[in-house]
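Coordinate analysis (summary)
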Amino acid sequence: MQTRIVPVHREAPNYRRVVVTGIGMVTPLGSDRESSWRRLCAGDRGARPLTAVELRLPATAGECVSAAGDLIGAPAAKSPGLGECTGEPVVDLALAAADEALGDAGLRTERLGPTTGCVIGTSKGGLRTFAALAARASLHPPSSILHPLFSSWWPNAPALSVARRFGIEGPLLCPVAACATGLVALIRGWELIRDGACDVVLAGASDASLVPAVLGSFRRLGVLARSDGDAAAACRPFDRRRSGFVVGEGAAVLVLEALDHARRRGVTPYAEWLWGATAADVAGLTTPDPQGRGMTRLISDTLRRT
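In this section: the overall build of the protein chain. Within the protein chain one finds nine helices and eight strands. When the 306 residues of the protein chain are sorted by exposure, 40% land in the buried category. Partitioning the contacts of the protein chain with sequence separation of at least 6, the portion at a separation of at least 24 is 76%. Element-wise, carbon and sulfur atoms account for 57% of the exposed surface of the protein chain, whose accessible area totals about 17,800 Å².

Evaluation of the coordinates by the stated rule reveals three aromatic pairs. With a centroid separation of 6.4 Å and 50° between ring planes, the pair formed by Tyr 15 and Trp 275 is classed as tilted. Of the two residues, Tyr 15 sits in the segment before strand 1 (18–26) while Trp 275 sits in the loop between strand 8 (271–273) and helix 9 (293–305), which places them 260 residues apart along the sequence. Aromatic side chains Trp 190 and Trp 275 sit 5.0 Å apart centroid to centroid with 70° between the ring planes, which places their arrangement in the edge-to-face category. One end of the pair, Trp 190, is in helix 6 (residues 181–194); the other, Trp 275, is in the loop between strand 8 and helix 9, with 85 residues separating them in the sequence. A relative accessible area of 2% means that Trp 190 is categorised as buried. On the basis of relative accessible area, Trp 275 is assigned to the buried category, the value being 19%. We note Arg 194 situated over the ring of Tyr 15; from NZ or CZ to the ring centre the distance is 4.3 Å.

Now for the packing of helix 3 (residues 89–105) against helix 5 (residues 157–166). Packing of helix 3 against helix 5 brings their axes to within 9 Å, and their N-to-C directions diverge by 45°. As judged from the angle between their axes, helix 3 and helix 5 are oblique. At the point where helix 3 passes helix 5, the crossing takes the right-handed sense. Along the contact surface, helix 3 presents Val 90, Val 91, Ala 94, Leu 95, Ala 98, Asp 99 and Leu 102, while helix 5 presents Ala 157, Pro 158, Ser 161, Val 162, Arg 165 and Phe 166. When the residues that make up the contact of helix 3 with helix 5 are grouped by side-chain class, the tally is ten nonpolar, one polar and two charged.

Moving on, we get to the pattern of salt bridges. Summed over all chains, the structure comprises 18 salt bridges. Its salt-bridge partner being Arg 33, residue Asp 104 comes within 3.1 Å of it at the nearest N-O pair. Placement of Asp 104 in helix 3 and of Arg 33 in helix 1 (residues 33–41) is noted, with a sequence separation of 71 residues between them. Asp 104 gets classed as partly exposed once you look at its relative accessible area, which sits at 24%. Of the charged contacts in the structure, one is a salt bridge between Arg 293 and Asp 289, with a shortest N-O distance of 2.8 Å. Accessibility expressed as a relative area gives 55% for Arg 293, which makes it exposed. In the salt-bridge network here, residues are joined through shared partners; they are Arg 16, Asp 199, Asp 260 and Arg 264.

Time to look at the pairing of strand 7 (residues 247–258). The buried fraction of strand 7 amounts to ten of the twelve residues, a majority that puts the element mostly inside the structure. Relative to strand 7, strand 3 (residues 72–74) runs parallel, the two sharing two bridges. Across the sheet, residue Gly 73 finds its bridge partner in strand 7, namely Val 247. Relative to strand 7, strand 6 (residues 200–208) is paired through nine bridges, and the arrangement is antiparallel. Residue pairing for strand 7: Ala 203 is matched across the bridge by Leu 254.

How each quantity is defined
- Residues numbered from 1 in each chain as written.
- Predicted model: local features only at pLDDT ≥ 70, side-chain atom pairs only at ≥ 80, totals over all residues.
- Heavy atoms only, no water.
- Helix = DSSP H or I, 4+ residues; strand = E, 2+ residues; numbered from the N terminus.
- Buried < 20%, exposed > 50% of the residue type's maximum accessible area, 1.4 Å probe, protein only.
- Contact = heavy atoms within 4.5 Å.
- Areas by Shrake-Rupley, 256 points an atom, 1.4 Å probe, with all protein chains shown as cover.
- Phe/Tyr/Trp six-rings, centres within 6.5 Å; stacked < 30°, edge-to-face > 60°.
- Lys NZ or Arg CZ within 6 Å of the ring centre and 35° of its normal.
- Axes fitted to C-alpha atoms, helices over the stretch in contact; angles between N-to-C directions.
- Parallel < 35°, antiparallel > 145°, perpendicular 65-115°, else oblique.
- Left-handed = near helix turned anticlockwise from the far one by under 90°.
- Nonpolar A, V, L, I, M, F, W, Y, C, P; charged D, E, K, R; others polar.
- Salt bridge = Lys/Arg side-chain N within 4 Å of Asp/Glu carboxyl O.
- Pairing = 2+ DSSP bridges.

Below, the structure is given as structure tokens:
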């Protein structure tokens with residue numbers, strides 16, 4: 001008896017095309033995308049010495065920090081729009097970026113409803129609120145530390161706040177993937193539209209890590225950049241004299257939209273999102289495969305699918 005294998009030809013899934021129709025940013029260079037872009041193109045830098053007041057440290061602690069060496073960071077610019085709404089920077093930054101992105105896409109005044117999703121991640125949550133609650137717990141009984149802002153330190157706080165503020169009733173997700181959080185959020189938002197679950201998705205990330213606990217941890221690890229007399233130039237990853245990284249804060253949100261939906265609204269998109277993918281490198285906890293095999297496979301697969 002002979003067996004013949006007949007190839008089965010499957011048609012490619014009828015995916016929806018996804019475009020970018022709105023951009024919102026709050027960075028150390030500016031409180032919106034235009035000012036941030038202008039200063040970036042001009043070669044400006046956001047790193048500078050931090051003060052005890054910015055870190056909400058007592059004067060004595062600030063003196064100790066100064067004695068140990070310059071503490072450098074890149075604080076986000078103050079947003080003149082929404083301002084400080086909740087008192088938790090990681091939430092306020094996300095709200096400001098989302099507001100600008102929706103306005104840029106022409107969706108700020110529309111009812112978003114159940115066909116709009118929100119995928120905004122953060123790698124650490126509301127650290128300033130967490131630090132405040134921890135300090136309160138050291139002075140008061142545990143039963144008395146419940147606070148109106150208690151939920152602001154959870155990682156999903158920015159996504160939840162944005163969804164509530166703008167009436168988003170569709171999928172609400174909060175990816176947490178360390179330094180890759182923003183990219184993972186964008187990929188997940190694109191998937192929701194591609195697969196037909198949403199027409200529009202606000203996707204991005206927010207981070208505000210300029211708190212003593214985080215800076216102290218990184219300092220003990222020996223990974224923070226030294227100023228060497230010029231705080232603005234402390235972060236120089238491609239320099240032979242590099243000494244580490246600079247901790248910053250900010251947020252960026254994109255409005256991802258189905259192409260057919262954008263066309264019905266008469267919107268001209270910035271770009272089309274063709275494909276995105278993630279993979280794991282099992283070579284080590286923090287060290288990638290020296291041969292780059294996993295990264296090569298991921299990039300090749302992504303290019304093939306586009």
